[in-house]
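Coordinate inspection notes
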Amino acid sequence: MSAIPATRAHGPTVPRWHELRTVGMVWERELIRFERNRTRIVTSLSQPLLFLFVLGYGMSTLVGSTGGFDFKKFLFPGIVSMSVVSTAIFSAISIVWDREFGFLREMLVAPVSRASLVTGKTLGGATVAAVQGTIMLVLAPLIGVHLTVALVFEVIGLELVMAVALTAFGVFVASRISRIEGFQVVMQLVLFPMLFLSGALFPLSGLPTWLSVLTRLNPLTYAVAPLRQVVFAVQHVPPVAAARFSATVTLFGYTLPVWLELVMVAAFAGVFFTLAIQGFSRRD
Amino acid sequence: MVELDRAETGTGDRELAPAAVEVEHLTKSFGATRAVNGVSFRVAPGEIFAFLGPNGAGKSTTINMLCTLAAPTGGTARIDGYDVATQPNDVRRRIGLVFQEQTLDDQLTAEENLRFHAVLYGVPHADRRARITRVLELVKLSDRAGDLVSTFSGGMARRLEIARGMLHTPAVLFLDEPTIGLDPQTRALMWDDVSTMRTEEGVTVFLTTHYMDEAEIADRIAIIDHGVIVALGTPEELKAVIGADTVDLHTDDDDRALAGLREAGERVERVAEGVRVFTADGEARVPRLLELVGGGVTSVHVHRPTLEDVFLHYTGREIREDEAPAPLTGRARARRAHRR
């Protein structure tokens, strides 16, 4: 028993900000992995691009005259949202991989609270998702969407809110899935319906009642709408286009203001964040 | 359970120090089945303690309870004085864990994996770099610190895990079947690392294994079967229970040899292949035995009791009989553990 080194960490004291540092470290790991996986960054751009250009051009001819306002401009905020949402869910679901490859165990046996782990994971996934969504902004000039510095910051802020909500939701789902096979099921049954029913790809006005109800029940709807509203606010939208491509959501005839939409998204995030912590706190 | 008293309580001066691991009547039931059934033992600081038993004997369930991953349904367990049921975070800070299955992030470098661990285990910021450097040196991986773990061999990854388990200077290092899937050479290197950790860092080592030769490196061994400790002691003590060495002699005339040996006061019996002599220190006594038989010996075989014999003695079967394909079991067990 020679040369017992420096200090024994197992004294009674816990370093200051231990939990906060843990959040930071878990967050950092998400960023390191994101940055290291360049192919994933590129491939996850491909799907939104496909939607933007193929769906965008295809639908433009159907939509007809809108005073020079292109359907692709309407689609653009939706595609940015789509990119954020799928990256957020994908990041969160990587917990299932961590479980399969054992690293989750390394985290769960550490002397830290589950809340710190879930917070770090959620913020990390959300940051990555917001970065991915912001990368999409480079396409804006290609389809004639006008960007200002203030708009970029607004978009990033809204992306973060959306990303936190969706990552928290994804982490919750991951806490209940113990097998990789479950991942595909989640993607098919949750992610795609959520995206298609969110107003990301088509205007929410003038829908049949059943579809209208489904879109209003979808929490993602209230995250996509604010993003589109801030983008539209700095574009020149002719009145005829504004009527056709409504950026707002109405609920029982009441047009929701942005702040209320964000409160709804935050509430959704809070609920699933809490459930996610619970999901990881079980022990037998 | 066999009482090997001295061994049961730890030896001599160690008894003064608080036990590194102290377990009393620990029980874990899953429904009607008792995976662990009233297990009690103490491990002294600095000791290497092995849990030896076949798959499904309750080794991993016990280690999971000691590591706070599973809640006991009865009894108590304390690590370095802290109760696993009521003070899980205090316990976790004081233990290092190496599981059967790898728990590294292979998309991070070795150094990043260690840094992650250091932060989560609250290693003071000022000590972090020095500790990482030191544990990497101890397992001789310093030159690979910046490499992605995905480029590591199974053996290197395992040694990195041992380094990581020691990063926060734990009181007890738990190794759950740590050599599964490793080749013999890598296993030997790994045990060198473990023994380095003990001598250099003074850590207590608690390991589970179903390999007899690995249990031999332990100071004391507990043989567990069907959730119960059936024997506990040093390897020598356990072997002594089996009794003496045996010397089998083939001779031209077994009857004459038997008579001669018996006359000289040896404990002998007739076996199919010849004459069997029970004696202490068989190898040293071979010349004397040959003298007693007085020629005509065609072959001599000395057998020292092994842990395999000990295991057979206590459980009535050989440990390898019910050995399942290891990697599969590990993975499946990991999944089960997570789902709970």
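This one's a predicted model, so the numbers in the text were calculated from it and none came from an experiment.

1. What about the overall build of chain B?
Check the secondary structure of chain B and you find 13 helices and 14 strands. The burial tally for chain B puts 55% of its 340 residues in the buried class. Across chain B, the fraction of contacts at a sequence separation of at least 24, relative to all contacts at a separation of at least 6, is 71%. Working note: accessible area of chain B is about 13,700 Å², and carbon and sulfur atoms make up 50% of it.

2. Overview of the packing of helix H3 (residues 71-100) of chain A against helix H9 (residues 221-233) of chain A
Residues and elements named next belong to chain A. The interhelical angle for the contact between H3 and H9, taken along N-to-C directions, is 135 degrees, at an axis separation of 9 Å. It follows that H3 is oblique to H9 by the angle criterion. Two packed elements cross with a definite hand, and for H3 against H9 that hand is right-handed. Contacts between H3 and H9 involve Lys73, Phe74, Leu75, Pro77, Gly78, Val80 and Ser81 from the first element and Val224, Leu227, Arg228, Val231 and Phe232 from the second. For the contact of H3 with H9, the per-class residue count stands at 8 nonpolar, 2 polar and 2 charged.

3. Re the side chain of aspartate 193 of chain B
Residue and element names in this part refer to chain B. Here aspartate 193 is to be found in helix H7 (residues 184-201). Among the polar contacts made by the side chain of aspartate 193, one reaches the side chain of arginine 159 at a distance of 2.8 Å. In this structure, aspartate 193 is in contact with Leu138, Val139, Lys140 and Arg159, ignoring residues within four places of it in sequence.

4. Describing the pairing of strand E4 (residues 74-79) of chain B
All names here are of chain B. Pairing between strand E1 (residues 21-30) and E4: 5 bridges, direction antiparallel. By the bridge assignment, glutamate 24 is partnered in E4 with threonine 76. Pairing of E4 with strand E5 (residues 82-83), which is carried by 2 bridges, proceeds in the antiparallel orientation. Note on E5: the bridge partner recorded for arginine 78 is aspartate 83.

5. So, the environment of leucine 207 of chain A
All names here are of chain A. Tracing the chain through its elements places leucine 207 in the loop between helix H7 (181-196) and helix H8 (209-217). Residues leucine 207 and glutamate 154 lie 53 residues apart in sequence; the distance between their C-alpha atoms is 29 Å. Residue contacts for leucine 207: discarding those within four places in its chain leaves Phe202, Ser212, Thr215 and Arg216.

6. A closer look at the sheet that holds strand E2 (residues 33-43) of chain B
All names here are of chain B. Pairing is antiparallel across the open sheet formed by 4 strands, whose spatial order is E2-E1-E4-E5. Every interior strand has two partners, whereas the edge strands, E2 and E5, have only one. Sheet strands in contact with helix H2 (residues 59-66) are E1, E2 and E4, and its direction is about 120 degrees off that of E1.

Thresholds, definitions, all that
- Residues numbered from 1 in each chain as written.
- Chains lettered and ligands numbered in written order.
- Predicted model: local features only at pLDDT ≥ 70, side-chain atom pairs only at ≥ 80, totals over all residues.
- Heavy atoms only, no water.
- Helix = DSSP H or I, 4+ residues; strand = E, 2+ residues; numbered from the N terminus.
- Buried < 20%, exposed > 50% of the residue type's maximum accessible area, 1.4 Å probe, protein only.
- Contact = heavy atoms within 4.5 Å.
- Areas by Shrake-Rupley, 256 points an atom, 1.4 Å probe, with all protein chains shown as cover.
- Axes fitted to C-alpha atoms, helices over the stretch in contact; angles between N-to-C directions.
- Parallel < 35°, antiparallel > 145°, perpendicular 65-115°, else oblique.
- Left-handed = near helix turned anticlockwise from the far one by under 90°.
- Nonpolar A, V, L, I, M, F, W, Y, C, P; charged D, E, K, R; others polar.
- Polar contact = N/O pair within 3.5 Å; in protein donor to acceptor, adjacent residues only side chain to side chain.
- Pairing = 2+ DSSP bridges.

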